[in-house]
Amino acid sequence: MRVAIYPGSFDPFTNGHLDILQRAAVLFDHVIVGVLVHPAKKCLFSPEERVEMISDVIKKIENVRAIHFNGLLVDFCRSTGSCAIIRGLRAVSDYEYEMQMFSVNNQLAPDLETVFLMSSPKFSFLSSSIAKEVARYGGDISGLVPEKVARAMHAKFAAKS
Ligand code: PNS
């Protein structure tokens, strides 16, 4: 069975993430969405909230599940028996950071493959930060994030104001 990890911060999970995940799920037997627990970074949603939201969004995709992880991605891959890391690429600007991450992971675990999927053009502008910016000022985020995520974002920003 070929298992892949789709890792990220997912603060929050966007329609662009969902697009990459759905396409990865066709390529692998099982895909695990790995939600990083950032020890230092201030996130809008806790790791538990992010995993709960993603699990709800992906509940109809049979071969996918979401869990959070601490520490090194390569260790998480090993502990889950994964053979590949999935990353989405939106634009040239993503390349440098992705190349750096690939190089570190490849140094630590040469047997782990990184598979890059190009983001669909309609999501090439989209990021979690952009979605948060629009939601913070009350803009329409219905095309940017899944419905459940949009509701949770509006609730978070309403509670903050
Ligand atoms: O969505 P992001 O923030 O671009 O995802 C980055 C992520 C979570 C894939 C990366 O920060 C990561 O793998 N962190 C775990 C720590 C680690 O393994 N670092 C070494 C490789 S950069």
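Coordinates for the structure precede this section.
Residues numbered from 1 in each chain as written. Predicted model: local features only at pLDDT ≥ 70, side-chain atom pairs only at ≥ 80, totals over all residues. Heavy atoms only, no water.

Things to note about the sheet that holds strand β5 (residues 113-118)
The strands that make up a sheet pair up through hydrogen bonds in the backbone, lying either parallel or antiparallel.
And step 1. Read from one edge of the open sheet, five strands run β3-β2-β1-β4-β5, paired in parallel fashion. Edge positions in the open sheet fall to β3 (64-69) and β5, since each of these has one partner strand only. Sheet twist, expressed as the average angle between the axes of neighbouring strands with direction ignored, equals 30°.
And step 2. With six bridges joining them, strand β4 (residues 84-89) and β5 adopt parallel strand pairing. Bridging from a neighbouring strand, A84 pairs with E113 of β5.
And step 3. Each of β1 (3-8), β2 (30-36), β3, β4 and β5 touches helix α1 (residues 15-27); the most contacted strand, β5, lies at about 125° to it.
And step 4. This element, helix α4 (residues 92-108), spans β4 and β5 of the sheet and lies at about 170° to β4. (Pairing = 2+ DSSP bridges. Helix = DSSP H or I, 4+ residues; strand = E, 2+ residues; numbered from the N terminus. Axes fitted to C-alpha atoms, helices over the stretch in contact; angles between N-to-C directions. Contact = heavy atoms within 4.5 Å.)

Remarks on the pattern of salt bridges
And step 1. If you walk through the whole model with that rule in mind, you get nine salt bridges.
And step 2. E52 is the partner of K148 in a salt bridge, and the nearest nitrogen-oxygen pair spans 3.8 Å. Taken together, the residues K148 in helix α6 (residues 147-160) and E52 in helix α2 (residues 47-57) connect sequence positions 96 residues apart.
And step 3. When the shortest N-O distance is used, the salt bridge between E98 and R87 registers 2.8 Å. Within this pair, whereas E98 is found in helix α4, its partner R87 is found in strand β4, the two being separated by eleven residues in sequence. Of the two residues, E98 and R87, neither departs from the other in class, the shared state being buried. (Salt bridge = Lys/Arg side-chain N within 4 Å of Asp/Glu carboxyl O. Buried < 20%, exposed > 50% of the residue type's maximum accessible area, 1.4 Å probe, protein only.)

Structural notes on the site of the ligand
And step 1. With respect to spatial proximity, the complete set of residues near the ligand consists of P7, G8, S9, L36, G71, L72, L73, R87, Y97, M101 and N105.
And step 2. A distance of 2.6 Å separates an oxygen atom of the ligand from a polar atom in the side chain of S9.
And step 3. In this structure, an oxygen atom belonging to the ligand sits 3.0 Å away from a side-chain N or O atom of R87.
And step 4. Burial of the ligand by the protein chains amounts to 76% of its free accessible area of 530 Å².
And step 5. Contributing elements (two or more residues each) for the shell around the ligand: β1 and α4.
And step 6. Broken down by element, the residue count for the shell around the ligand peaks at three residues, all from α4. (Near = heavy atom within 4 Å. Polar contact = N/O pair within 3.5 Å; in protein donor to acceptor, adjacent residues only side chain to side chain. Areas by Shrake-Rupley, 256 points an atom, 1.4 Å probe, with all protein chains shown as cover.)

Some details on the packing of α2 against α6
The geometry of a pair of packed helices is captured by two quantities: the angle between their axes and the separation between those axes.
And step 1. Contact geometry for α2 and α6: axes closest at 9 Å, N-to-C directions at 150°. Classified by the interaxial angle, the pair formed by α2 and α6 is roughly antiparallel. Taking contact as the criterion, the partners of E49, E52, M53, D56 and V57 in α2 are, on α6, K148, V149, A152 and K156.
And step 2. Tallied by class, the residues present in the contact of α2 with α6 amount to four nonpolar, no polar and five charged. (Parallel < 35°, antiparallel > 145°, perpendicular 65-115°, else oblique. Nonpolar A, V, L, I, M, F, W, Y, C, P; charged D, E, K, R; others polar.)

With respect to the packing of aromatic side chains
To describe a pair of aromatic rings, one takes the distance between the centres and the angle between the planes.
And step 1. Enumeration over the complete set of coordinates arrives at three aromatic pairs.
And step 2. Measuring from centroid to centroid gives 5.2 Å for Y6 and F10, while their planes differ by 65°, and the two rings are edge-to-face. The pair formed by Y6 and F10 is uniform in burial state, with each residue classed as buried.
And step 3. Pairing F10 with F13 gives two aromatic rings, centres 5.5 Å apart and planes at 55°, and the pair type is tilted. Of the two residues, F10 and F13, neither departs from the other in class, the shared state being buried. (Phe/Tyr/Trp six-rings, centres within 6.5 Å; stacked < 30°, edge-to-face > 60°.)

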